[in-house]
Amino acid sequence: STLLRFLKSNCTKDNATYLLRREAGQQNVQLYDVTAISASRQRKWIWWLAMMSYRFALRLGQMMEMEDAARKRQFRDRKRGLLTTCLELLHDLNDMDGGAHETLCASVEEHLADTFLKEDGDGPHPSSESFPAMTASQQPYSCVSIDSLNKAQDHLKSGTRVMWVLLNRTEEQEKETREKLANSPRRRQVVRVHSEDSSSDDDDSNSDESSQHVSYGLQSISMQLFGLLHKSINVSLRLAEYHLQNYFSSSAMRELRSAARRISEGITLLRHMGGDDDICHLKNTLQCQYTWLWEHCGHFARSFAADELWRDRGHACGDDVISVLRDAEAALSLSNISRGQSKPSSWMEDFSSDASLTKDTNGSVTLLKVSGIIHVEMESSDPDMEAHSSGATMARKLLEQQRQIQRDKLRVLVAACISYSRAIDSIQKLSRIGFSVERPPPSTTSESSLLSMLQQRLGDGCNEIGKILLNDLRSILSGKNSNLSASERPAVAGVLLSSAEVLFNEGLTVFQDCNDVCNIALLRCNLCQCCKLQTNSNYSSQSTESVSDRAEFHLQEAIDQLQKAHDALGDRDTNPRIWDMVSNELAATFLVLGVRRRQSLLGGGTMPVVMQSLRLAPGKEESII
């Protein structure tokens, strides 16, 4: 207390710098006013002041863990001020040609970002009651205010820019060192004669040590830069989620693009960090962020297709949404993430491989092909191949001629399904190695909730696309669409029907994977509708000689689908409304099939039905029943 009173009475100048000193073994303390030395801008003194501020800031960070909320807020503000002072002094030192100290500046920027990211939610929460959370995964920084997230992102970007400059310069130095070693006489000689003069050996040894030092430096720089990118990706994804909930389309698209580019940069950094075993955990964390990225992309596209407010409040169109997803795909392409490597690593394909939906449709559904029309593989000798190809072309043109809102809804739904498919593939890859994607709160979500949610949304998307195609097909059959001639309608109708059936089957497979019995039953009903529409001989996939046999074949397929729907539901108590709907549809289908069989057996004419029925043999009567 005596010392504090002494300092209080003597340290009275504003913006002054004092030095308190005590000799070893002495009781007296000496107080020096060193403001004049500080004002002289000596590099060594500025360095001391910067490091003192940095160390005090780190100590305050350790003390914050044991304080209450009010004291934490005071300590956090003080720590932020010390780090800001340290950064300003380091910039002044750089202006005086005292060195850039890039790694230290980047570390200060990261600590400044942490002071915003580790807040206890003083500001408004990113999630709003009017806009429920769109993601099932519990991402980092869920309790950080939006203002703090933006400020933290600014500091992370500043640190990242500094480290990229340092990394590029270090790579150039390593390249020059390797060239020198490759051109040295010692490296070129196959057999070397020992000389008494060991100066050349010393030079080679120094070169090897220099090369090793550069490699270690490159690895440490890459590791620090990776940490900055990892936090920046999480912040971008959190900001994107907030913007998506509030219809801020331009901000959401900016953050999604930024996250995709940083994930790509993080992947390229892994080549400096050792072998595949050394980077396994880092690769898995990037794969987790990759999953979240495509989850957000899928939510963006799915929400745009279902909510007209994206046009009214967000001022966005379908092309804007698809362009964001294409940019994310391009940033994570194999040619981009493997730049600088002569041969890409095998694990890089986990980030750049095609989605399962693209593979299942033989490349007919990609972000560059979002019409929803699926090309069916046929043999070159198949006579229907040319008709199917021309029908697919006409079907795409027909869909392009629709109104913009209808066209955008279909195209964006296809893009959403591709995004969900990529996210599901990524989760399944991580699950196989035992890495958990989500961070569930204690007492809530199960470990498979994110995967189930994404599978359900993928199945819903496929179902919606299939229903849109069936509606277009019905408009063609009813003659409402006058853009097609009578000769073109069968080919276009066949393509629309086959595409819808493929998408319904894709959705059915996904629902079966997540064991969603109600949606399985509904998908079976939609497949039943496809079978009934195929009773028309002009675009049936079943080649039989008789039109009646073809119709009965597809009606029997419809009955099989409805019976499988009943089997999936198990009993009526599972969902009485869906059970009754399936039962009514099944009864109606049985009735149609029975009438068709009766008509095919009895034939036409003016003879009364009673007289015609007398001609039926017992076996034929049983076939009708």
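The numbering scheme is per chain: residues are counted from 1 as the chain's sequence reads. This being a predicted model, a pLDDT of at least 70 is required before a residue's local features are given, and a value of 80 or more before pairs of side-chain atoms are given or counted; all residues contribute to the totals for chains, interfaces and linings. Side-chain numbers come from the whole structure's heavy atoms, not from hydrogens or water.

**Quick notes on unusual backbone geometry**
We count it as follows: Counting from the N terminus, the helices are DSSP H or I runs at least four residues long and the strands are E runs at least two residues long.
Non-glycine residue Tyr247 carries a positive phi angle of around 65°. Among the structural elements, Tyr247 can be located in the loop between α8 (199–245) and α9 (249–269). The backbone phi angle of His315 is positive, close to 55°, even though this residue is not glycine.

**A closer look at the packing of helix α4 (residues 69–95) against helix α5 (residues 102–117)**
The line we're drawing: Lines fitted to C-alpha atoms define the axes here, with helix axes fitted over just the stretch in contact, and angles between the N-to-C directions of these axes take values from 0 to 180 degrees. If an angle is under 35 degrees, it is roughly parallel; if it is over 145, roughly antiparallel; if it lies from 65 to 115, roughly perpendicular; otherwise it is oblique. What makes a crossing left-handed is the near helix being turned counterclockwise from the far one by less than a right angle; a clockwise turn instead makes it right-handed. By the convention used here, residues are in contact when the closest approach between their heavy atoms is within 4.5 Å. Classification convention: Asp, Glu, Lys, Arg as charged; Ala, Val, Leu, Ile, Met, Phe, Trp, Tyr, Cys, Pro as nonpolar; all other residues, Gly among them, as polar.
Contact pair α4 / α5: the axes reach a minimum separation of 10 Å and the direction vectors enclose 160°. Compared by their axis directions, α4 and α5 come out roughly antiparallel. The two elements α4 and α5 meet at a crossing, and its hand is left-handed. Mapping the contact onto sequence places Arg76, Lys79, Arg80, Leu83, Thr84, Cys86, Leu87 and Leu90 in α4 and Leu104, Cys105, Val108, Glu109, His111, Leu112, Thr115 and Phe116 in α5. Its residues assigned to classes, the contact of α4 with α5 comprises nine nonpolar, three polar and four charged.

**Here we look at the nonpolar core**
The criterion, for reference: Among buried residues, those of type Ala, Val, Leu, Ile, Met, Phe, Trp, Tyr and Cys that are joined through side-chain atoms within 4.5 Å constitute a nonpolar core. Under the scheme applied here, a residue whose accessible area is under 20% of the maximum for its type counts as buried, over 50% as exposed, and between as partly exposed, the area being computed with a 1.4 Å probe on protein chains only.
Counting residues in each nonpolar core, the largest one holds 116 residues, and the members touching the most others are Leu293 and Trp294. When neighbours within four sequence positions are excluded, Leu293 is seen to be in contact with Leu237, Leu256, Ala259, Ala260, Ile263 and Leu332. With 23 residues, the next largest nonpolar core counts Leu60, Cys86, Cys105 and Val108 among its residues.

**Points about helix α19 (residues 489–514)**
Here is the rule we go by: Any helix carries an expected span of 1.5 Å times its number of residues minus one.
Between its terminal C-alpha atoms α19 stretches 38 Å, which fits the 38 Å expected from 26 residues at 1.5 Å a residue. Note on α19: the residue one or two positions beyond its end, Asn515, has a positive phi of about 60°.

**Quick look at the confidence of the model for the protein**
Rules: Scored between 0 and 100, pLDDT is the confidence that the predictor attaches to each residue.
When the pLDDT values of the protein are averaged, the result is 79; 77% of them are 70 or greater. Mean pLDDT values over the elements of the protein span from 46, in helix α23 (residues 609–613), up to 93, in helix α12 (residues 318–331). With pLDDT under 50 throughout, residues 188–214 is counted as low confidence; its partners more than four residues away or in other chains account for 18 contacts. Ignoring residues within four places in sequence, the model shows residues 439–447, a span with pLDDT below 50, making nine contacts including any to other chains.

**A word on the pattern of salt bridges**
Here is the rule we go by: The rule for a salt bridge is simple: a side-chain nitrogen of Lys or Arg has to be within 4 Å of a carboxyl oxygen of Asp or Glu.
This structure, assessed with the given rule, holds 16 salt bridges. Close ionic contact of Arg411 with Asp319 constitutes a salt bridge, the shortest N to O distance being 2.9 Å. Separated by 92 residues along the polypeptide, Arg411 in helix α17 (residues 404–432) and Asp319 in helix α12 bring together distant segments of the chain. In this structure, Asp580 and Arg572 form a salt bridge, with 2.7 Å as the shortest nitrogen-oxygen distance. Its relative accessible area of 30% is what places Asp580 among the partly exposed residues. Given the relative accessible area of 39%, Arg572 is considered partly exposed. The network of salt bridges with shared partners includes Glu110, Asp114 and Lys231.

**Examining the packing of aromatic side chains**
As a reminder, the rule being used: Aromatic rings from Phe, Tyr and Trp, with only the six-membered ring used for Trp, were paired whenever their centres fell within 6.5 Å, and each pair was classed as stacked if the ring planes differed by under 30 degrees, edge-to-face if by over 60, and tilted otherwise. Either the NZ atom of lysine or the CZ atom of arginine qualifies as a charge over a ring when it sits within 6 Å of the ring centre and within 35 degrees of the ring normal.
Counted according to the given criterion, the structure contains five aromatic pairs. Ring geometry for Tyr242 against Phe248: centres 6.2 Å apart, planes inclined by 65°, an arrangement best described as edge-to-face. Looking at Tyr242, the relative accessible area reads 19%, which means it is buried. Plain terms: the ring middles of Tyr290 and Trp294 are 6.4 Å apart, the flat faces sit at 70° to each other, and that makes the pair edge-to-face. Of this pair, Tyr290 and Trp294 both sit in helix α10 (residues 280–306), four residues apart, which is roughly one turn of the helix. According to the relative accessible area criterion, Trp294 is buried, its value standing at 1%. Members of the aromatic cluster, connected to one another through ring pairs, are Tyr247, Phe300 and Trp310. Across from the ring centre of Trp294, 5.3 Å away, lies the NZ or CZ of Arg422, which sits over that ring.

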